[in-house]
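Analysis of the macromolecular model
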Amino acid sequence: MGRVTVVGLGPGRPGLMTTEAREALDSVPVRWLRTARHPSASVVAGARSFDYLYESATKLDDVYRGIVDALVSSATTEGHIVYAVPGSPNVAERSVELLRADERVSVVVLPGVSFTDLAFARLGTDPLAAGARIVDGHRFAVEVAGYRGPLLVGQCDSAQVLSEVKLAIGTVLDELSPADGHVTVTVLQRLGLDDELVTDVAWDDLDRVVAPDHLTTLWVPPLGLAFASEMVRLEELVRALRARCPWDRQQTHQSLTRYLLEEAYEALEAIEELSPDGEGYEHLEEELGDVLFQVVFHATLAAEQGQFALGDVARNVHDKLVARHPHVFGDVEATTPEDVSRNWEQIKKREKGHAGIMASVPANLPALLYAHKIQGKAASVGFDWDSADGAMPKIAEELAELEEAMGAMPGGPKVPGGPAVREELGDLLFAVVNVARHLKVDPEAALREATAKFRRRFQAVEELATSRGLELTELGLAELDQLWDEVNATEAAP
């Protein structure tokens, strides 16, 4: 088994490297650098760097795994090699983390001076006393959830990272009064070098005035995060309702099912009301809040029974989505939405141990959605038409069979109902859903939109009749048709 000794180059000038790291470099002739873009890289004479991987790979994780594979291969061939990384090998070094977990080599990691040491020295802050947390800028939005600060954010090496950090924080907590003024963040750049820079920047200007590089770090004061604090407030509210409100106290999972369904449909209606110019988002925000309340309520009931809590719900869905997206978080290839769907179905089948591909579809879904789901399952294994053109003739076929069942064919009496009519009408609707699926149209949404349009126009007919002193119940079909045509003409006019 080959051996890899990992050393740190320190956070800046060569003088910040440890004696132990220098001795390791002097004693091991085969040397590797994670990157030559570091002020102390020149100390590692004759080293090969992995900068070529940064230039060729599309994802950082591919870079780190490529580094590990190359180091393992080199150590296996040479016996003993040294791997030098910026700062400390124990802080924000994903490649070292992966290397340590690799059983193909023996790894020794020597402690080093981290960028955090210089940063806290410049800030005059004891990180332990301040309760500071160190965060990777590339994972900021995920890692800071639920934490109230302060935060030392490393690896802020691009304008994109600065923008993502800025957007992830958003607004400060309500506890910050207007007297606090504009929130500022401290930017620390090139610490330990001659052009070292430590400046305070207005939060709104972070991605506008700062020119980031690979030696840029941010110090975020204890703001508290709006998302995390608001979720905590909502959870506490539900607990208070359960303790002090007679109605909320008597609710169960079963009694709340109707409200969950109602709130979901109201959110769906709000989505359909969104306009291209941005109107309707305030209503959608309100309705999504009502759905969220139902989720938190159910999680609170489960927590009271010692089953699971809201955090468990969030963690489980996070982990499930990561596992079902191996093309994003793993090495599976999926270049089309159809590839993703096929992978998704196979993963779900393995997870849940279903005997067949249809077993995961709930039978109590709304009918159109149920048909859409079932057809999608069949399509995921190739049982499908190639396009809407192939599915369209089935509508005509089912329509003819419906007419035959109704006795509407030449020489036959019309029959308004019966089992045969019900069956053929179902087949017709099923065929229509199939065409909708191929056209990438949600049949539920399409039917709701058509129904809403009919409702809107019929209400206009009623208003028009009232304006003329007419009563709808007293009008004949011909008169109603005339009013309907007037309304349609008015709506169609530019």
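As the structure is a prediction and not an experimental result, all values here were calculated from the model.

Conventions used here
- Residues numbered from 1 in each chain as written.
- Predicted model: local features only at pLDDT ≥ 70, side-chain atom pairs only at ≥ 80, totals over all residues.
- Heavy atoms only, no water.
- Helix = DSSP H or I, 4+ residues; strand = E, 2+ residues; numbered from the N terminus.
- Expected span 1.5 Å × (residues − 1).
- Buried < 20%, exposed > 50% of the residue type's maximum accessible area, 1.4 Å probe, protein only.
- Arc of directions from axis to C-beta.
- Axes fitted to C-alpha atoms, helices over the stretch in contact; angles between N-to-C directions.
- Parallel < 35°, antiparallel > 145°, perpendicular 65-115°, else oblique.
- Left-handed = near helix turned anticlockwise from the far one by under 90°.
- Contact = heavy atoms within 4.5 Å.
- Nonpolar A, V, L, I, M, F, W, Y, C, P; charged D, E, K, R; others polar.
- Salt bridge = Lys/Arg side-chain N within 4 Å of Asp/Glu carboxyl O.
- pLDDT = per-residue confidence, 0-100.
- Lys, Arg positive; Asp, Glu negative; His and termini not counted.
- Pairing = 2+ DSSP bridges.
- Polar contact = N/O pair within 3.5 Å; in protein donor to acceptor, adjacent residues only side chain to side chain.
- Patch = residues over 30% accessible without salt bridge, like charges linked within 9 Å, V, L, I, M, F, W, Y side chains within 5 Å.
- Areas by Shrake-Rupley, 256 points an atom, 1.4 Å probe, with all protein chains shown as cover.
- Charge placed at Lys NZ, Arg CZ, Asp CG, Glu CD.

Turning our attention to helix α18 (residues 388-405). Taking 1.5 Å per residue, 18 residues should reach 26 Å; α18 reaches 26 Å between its end C-alpha atoms and fits that length. Turning to α18, its buried residues number three or more, namely A388, A391, E398 and L402. Viewed along the axis of α18, the buried residues span an arc of 70°, placing them on a single side of the element. Set apart from the buried face of α18 by more than 90 degrees, the exposed residues are D389, A396 and E404. Once α18 finishes, G407 follows within two positions and takes phi at roughly 75°, a positive value.

Remark: α18 packs on helix α19 (residues 419-438), axes separated minimally by 8 Å, with the N-to-C direction vectors making an angle of 165°. Relative to α19, the element α18 is oriented roughly antiparallel. Handedness of the α18/α19 crossing: left-handed. Seen from α18, the contacting residues are A388, A391, M392, K394, I395, E398, L399, E401, L402 and A405; seen from α19, they are A420, V421, E424, L425, D427, L428, A431, V432, V435 and H438. The class makeup of the residues in the contact of α18 with α19 is 14 nonpolar, one polar and five charged.

Below, the discussion takes up the pattern of salt bridges. Pairing between side chains of opposite charge can happen when the charged atoms of each approach one another. Taken as a whole, this structure holds 20 salt bridges when the rule is applied. Residue E93 pairs with R34 through a salt bridge whose shortest N-O separation is 2.9 Å. Of this pair, E93 sits in the loop between β4 (80-85) and α4 (94-101) while R34 sits in the loop between β2 (31-33) and β3 (48-49), placing them 59 residues apart in sequence. In terms of burial, E93 and R34 fall into one category: buried. The partner of D205 in a salt bridge is R208, and the shortest N-O contact between them spans 3.3 Å. For R208, a relative accessible area of 59% corresponds to the exposed category. One network of salt bridges, with partners in common, ties together D61, R65, R94 and E97.

Predicted confidence across the chain gives a mean pLDDT of 85, with 90% of residues reaching 70 or more. Predicted confidence is poor over residues 171-181, with pLDDT under 50, and the contacts of this stretch with residues over four places away or in other chains come to 14 contacts.

Take the side chain of D51 next. Structurally, D51 is set in helix α2 (residues 51-56). Put simply, D51 is tucked away with no salt bridge, and the nearest opposite charge, on R37, sits 6.4 Å away.

With respect to burial, strand β10 (residues 216-220) is a largely interior element, five of its five residues being buried. A two-sided burial pattern is seen for β10, the buried positions comprising T216, L218 and V220 on one face and T217 and W219 on the other. Relative to β10, strand β7 (residues 151-154) is paired through three bridges, and the arrangement is antiparallel. Across the sheet, residue V153 finds its bridge partner in β10, namely L218. Looking at chain direction, strand β8 (residues 184-189) and β10 are connected through four bridges and run antiparallel. Within the sheet, the bridge partner assigned to Q189 lies in β10 and is T216.

What follows deals with the packing of helix α20 (residues 443-467) against helix α21 (residues 477-492). Contact pair α20 / α21: the axes reach a minimum separation of 9 Å and the direction vectors enclose 115°. When the axes of α20 and α21 are compared, the pair comes out roughly perpendicular. Viewed along their axes, α20 and α21 form a crossing whose handedness is right-handed. Counted together, K453, F454, R456, R457, F458, A460, V461, L464 and A465 of α20 and L483, W484, E486, V487, N488 and E491 of α21 form the full contact between these two elements. Here the residues of the contact of α20 with α21 are counted per class, giving nine nonpolar, one polar and five charged.

What follows is about α20. The end-to-end C-alpha distance of α20 is 36 Å, a good match for the 36 Å that 25 residues give at a rise of 1.5 Å each. Looking at α20, one finds that the buried residues are P443, E444, A445, R457, V461 and A465. Looking at the buried positions of α20, the neighbouring elements they touch are α12 (257-272), α17 (367-379), α19 and α21. The N-terminus of α20 is capped by D442, whose side-chain oxygen sits 3.0 Å from the backbone nitrogen of E444. Of the residues trailing α20, G469 is marked for its positive phi of about 70°.

The subject of this paragraph is a negative patch on the surface. Together, E266, E269, E273, E282, E285 and E286 make up a negatively charged patch on the protein surface. Of all the secondary-structure elements, those providing two or more residues to the negative patch are α12 and α13 (281-304). It is α13 that provides the largest number of residues to the negative patch, a total of three residues. Within the secondary structure, E273 is located in the loop between α12 and α13.

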